[in-house]
Amino acid sequence: MKKWTVLMLCVAVIFSVSCASQSHKVTRTASDEAIDLSGRWNDTDSRLVAEEMIRDVLSRAWIDDFNGANEGKKPVVIVGRIRNKSSEHIATDVFIKDLERELINGGRIKFVASKAERGELRSEKEDQQSNATEDSAKKLASETGADFMLQGTISSVTDAVEGQKVVFYQVDLELVNIESNEKVWIGSKKIKKVVEQAKSKW
Amino acid sequence: MFQRGSIISIMLAAALFLVACGTSKAQYAGVDDKLRRGDYVSVVKQISDLKEKEYGEKNRVLFYLDLGMLMHYAGQYQQSNELLTQAENAIEELYTVSISKEAGAAIVNDNTREYSGEDYEDVYVNIFKALNYLALNDAEGAAVEAKKVHIKINKLKDKYPIEDEEVKKQELPVFKESALAYYMSMLLYRMEKAWDDAEIDRKKLMEAMSGQKGVYIKLSNPEEAITLEDEALATAIPEGKGVVSVVSFNGLGPEKMARILNVNTLGGGINISSRLDDKKDGAKADVRALFQYPQMRIPIPLMPPGYNFTVEFPEMVSKRPMAHRIEVVVDGAQKMDLFPIENISRVAEVTFAQKIASTYVKTLIRAGVKFAAAVVASEAANKAGGGLVGAITRFGTSTIASATEKADLRLSYFFPGEAFAGELALDPGEHQVTVTYYYGGGVIHQEKKTVTVKEGDLQVLETFYLGSQ
């Protein structure tokens, strides 16, 4: 009798444990802290790649060449399309914002609003022509045109077996002279991640 | 003496298990008719309402797959993508097996595990996500999904290597490339005007069909192979034209049914008979015998008579689609039949067959231990307490042991059975496209769509009819 009861209670405990649910725990952390959970492209990758690539682009000869040819004028840059050709959904708008921030903070270039942002600004300027006072209304057709456009791609190669995968990301950026289509800088940043998943847990 | 309390404690413990013992299919009651009528909204409501009652946390992958696919058919592409992504992430997360839940499965049955999806579900989830992204005009997102399909199929090749002795011995057909996945990526490369990449995928599509004879067979007629002439599919968009690619899905995917083995002990031997049960009516099993093995008698010396056990194994069974032919007519004049490109049900069967051997072994060991324990306990009770106690114990232990041996029949319900495709080069401008599904000479479903063709562009038009026989 006792043996059977103990056996059945043990089985019942195992069964109950398997049905137990996990509770949530929230911990606040610094926004620049590197946290890798799934191994997918994340905010840390975006930030680090942007920092490194913009540091590179701002340290190259094209800026001095432009300054020399234009009486010390700062080059005006716009960030164009960054195409995601990887096997992950990557928030390229976050990456573009990281690039824009690093470009502006570098202080060596001027920066203009993107195509989508310009649309809203133009609409506002048009509205001002009829509704704002003459001295405060901003002039139409007075925008600063960009000299260079930064374009690029994010690609990835994944090699995976059961429980393990290696993901290789390559970010390629090119800075192109808008007037001449001349490429003045090409940069590439590579990231390799090994993601392992345990076969079992308690 | 084997006390009455022992029997009660066994019964109580067993009752605990029985609560979560078998697979319920109650959530699918009446859905076939609604799908035939194209009433996807009503099926979405039915499945959503039963989230807690019939699915729960343990079957979240099943819920996300079921509702995600239904949302796709209902044209709710954003929600479909969110749900299918949740399914995909949960499948990945459940690769890590919980030892405590495995212990439950080892004692009770596979239904105690969290449902982690079948291989084919994990592959095709990305095909439908790609179609969702295309419907949302996000070709870049669709391309991401197409790449994921290829990564997952490569993983399958490593999971079930063809060099594996077991696979070789059983001569099972192996799924190692998907023509549908290559067709999707070929379409996306053509949209990007990446002609070389598109041509590579076109060749791989042809190789997938010709190199997997056991997989590329028609769902409506398994005797007939799915083949495609090399010139039937071109990557180039003719000068001055635009291309409309029609991708159509037909019928429902397979269903898991229970192969029930009845084991009756006779003096000095056992009788084994078998039947197939679809268990469609929820907790109450539909006991129609769909297939009957010849009864077998196996002599076992000293086997006591009078025990009756049942054990169940899952079996993947394809459903025949109602439509046998799909025709496309443009502006009432230009006609063509779509060609079958993938038998999704067959891929499900083939990938399931590669892993089922281990399920059979585990089930037989578990059931054997339960049945042996039942026989030993009953015989001890019979010896100690006499005929009546022995008879009650024999009945009780046999019933409990059998009741806990239920097959894991969980499988998403709403993947289609097969895929068709076809392409039309049209002049720029607006066109009326009519897609008709035929059974014999009769029309069973028709969809009419207006497409605006631009020169040099390619667009995808998706249709589906999920009616199955």
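The residue numbers shown here count from 1 along each chain, following its written sequence. Labels follow written order: the first chain is A, the first ligand is 1, and so on. The model is predicted, so local features are restricted to residues of pLDDT at least 70 and side-chain atom pairs to those at 80 or more, both for listing and for counting; the totals for chains, interfaces and linings are taken over all residues. Values shown for side chains rest on all heavy atoms present in the structure; no hydrogens or waters enter the calculation.

Novice: Before we move on, could you go through the overall build of chain A and cite the residues and values that matter?
Specialist: Helix numbering and strand numbering both begin at the N terminus, where a helix is a DSSP run of H or I of at least 4 residues and a strand a DSSP run of E of at least 2. The secondary structure content of chain A amounts to five helices and six strands. Taken from N to C terminus, the helices and strands of chain A fall in the order α-α-α-β-α-β-α-β-β-β-β. We call two residues in contact when some of their heavy atoms are within 4.5 Å. Contacts in chain A between residues far apart in sequence, at least 24 positions, make up 64% of those at least 6 positions apart. By element, 52% of the accessible surface of chain A is carried by carbon and sulfur atoms, the whole surface being about 13100 Å². All accessible-area figures derive from a Shrake-Rupley calculation using a 1.4 Å probe, and residue coverage is judged against the displayed protein chains alone.

Novice: Break down the environment of Lys 110 of chain A for me, with residues and values.
Specialist: All names here are of chain A. Inspection of the secondary structure assignment puts Lys 110 in strand β2 (residues 110-111). Taking C-alpha positions, Lys 110 is 23 Å from Ser 188, a pair spaced 78 residues apart along the chain. The contact partners of Lys 110, leaving out residues within four places of it in the chain, are Lys 74, Pro 75, Val 76 and Val 77.

Novice: Outline the sheet that holds strand β3 (residues 148-161) of chain A, listing residues and values.
Specialist: All names here are of chain A. Strand pairing is assigned whenever DSSP identifies at least 2 bridges connecting the two strands. Taken together, the five strands give an open sheet; going across it, the order is β2-β1-β3-β4-β5, and neighbouring strands pair in mixed fashion. The sheet is open, and its two borders are formed by β2 and β5 (183-196), each paired with just one other strand. Sheet analysis places strand β1 (residues 76-85) next to β2, joined by two bridges and oriented parallel. Across the sheet, Val 76 pairs through a bridge with Lys 110, a residue of β2.

Novice: Explain the packing of helix α8 (residues 119-135) of chain B against helix α11 (residues 179-191) of chain B residue by residue, including any values.
Specialist: Two numbers describe a pair of packed helices, the interaxial angle and the distance between the axes. Residue and element names in this part refer to chain B. Packing of α8 against α11 brings their axes to within 10 Å, and their N-to-C directions diverge by 30°. The angle between the axes of α8 and α11 places the two elements in the roughly parallel class. Viewed along their axes, α8 and α11 form a crossing whose handedness is left-handed. Touching Tyr 124, Ile 127, Ala 130, Leu 131 and Leu 134 of α8 are Leu 180, Ala 181, Met 184, Leu 188 and Met 191, all from α11. Any residue outside Ala, Val, Leu, Ile, Met, Phe, Trp, Tyr, Cys, Pro, Asp, Glu, Lys and Arg is labelled polar, Gly included; the first ten of those are nonpolar and the last four are charged. Looking at side-chain class alone, the contact of α8 with α11 contains 10 nonpolar, no polar and no charged residues. For helices, the fitted axis covers only the stretch in contact; all axes are lines through C-alpha atoms, and the angles between them, taken along N-to-C directions, range from 0 to 180 degrees. The scheme is simple: roughly parallel for angles under 35 degrees, roughly antiparallel for over 145, roughly perpendicular for 65 to 115, oblique for anything else. Crossing handedness is defined as follows: a turn of the near helix away from the far one that is anticlockwise and smaller than a right angle gives a left-handed crossing, while the clockwise case is right-handed.

Novice: Any details on the pairing of β3 of chain A? Residues and values, ideally.
Specialist: Residue and element names in this part refer to chain A. By the bridge criterion, seven bridges tie β1 to β3 in an arrangement that is parallel. The residue bridging Arg 83 from the neighbouring strand is Thr 153, located in β3. Once β3 ends, the chain turns through two residues before running back antiparallel as strand β4 (residues 164-177), passing Gly 163 with a positive phi of about 85°.

Novice: Now, about the pattern of salt bridges: what can you tell me, with residues and values included?
Specialist: Between Lys or Arg on one side and Asp or Glu on the other, a salt bridge is scored when a side-chain nitrogen of the former is within 4 Å of a carboxyl oxygen of the latter. Per the stated rule, a full pass over the model turns up 49 salt bridges over all chains. Where Lys 97 of chain A meets Glu 100 of chain A, a salt bridge forms, and the shortest distance between an N and an O atom there is 2.9 Å. Placement of both Lys 97 of chain A and Glu 100 of chain A in helix α4 (residues 92-106) is noted, with a separation of three residues, approximately one turn of the helix. We note a salt bridge from Asp 110 of chain B to Arg 366 of chain B, for which the minimum N-O separation is 3.7 Å. Of this pair, Asp 110 of chain B sits in the loop between α7 (99-107) and α8 while Arg 366 of chain B sits in helix α13 (residues 344-385), and the two are 256 residues apart along the sequence. Note on exposure labels: buried denotes an accessible area under 20% of the residue type's maximum, exposed denotes more than 50%, and partly exposed covers the range between, all computed with a 1.4 Å probe on protein chains only. Judged by relative accessible area, Asp 110 of chain B falls into the buried class, the value being 12%. The network of salt bridges with shared partners includes Glu 88, Asp 122, Lys 129, Glu 145, Lys 148 and Lys 152 of chain B.

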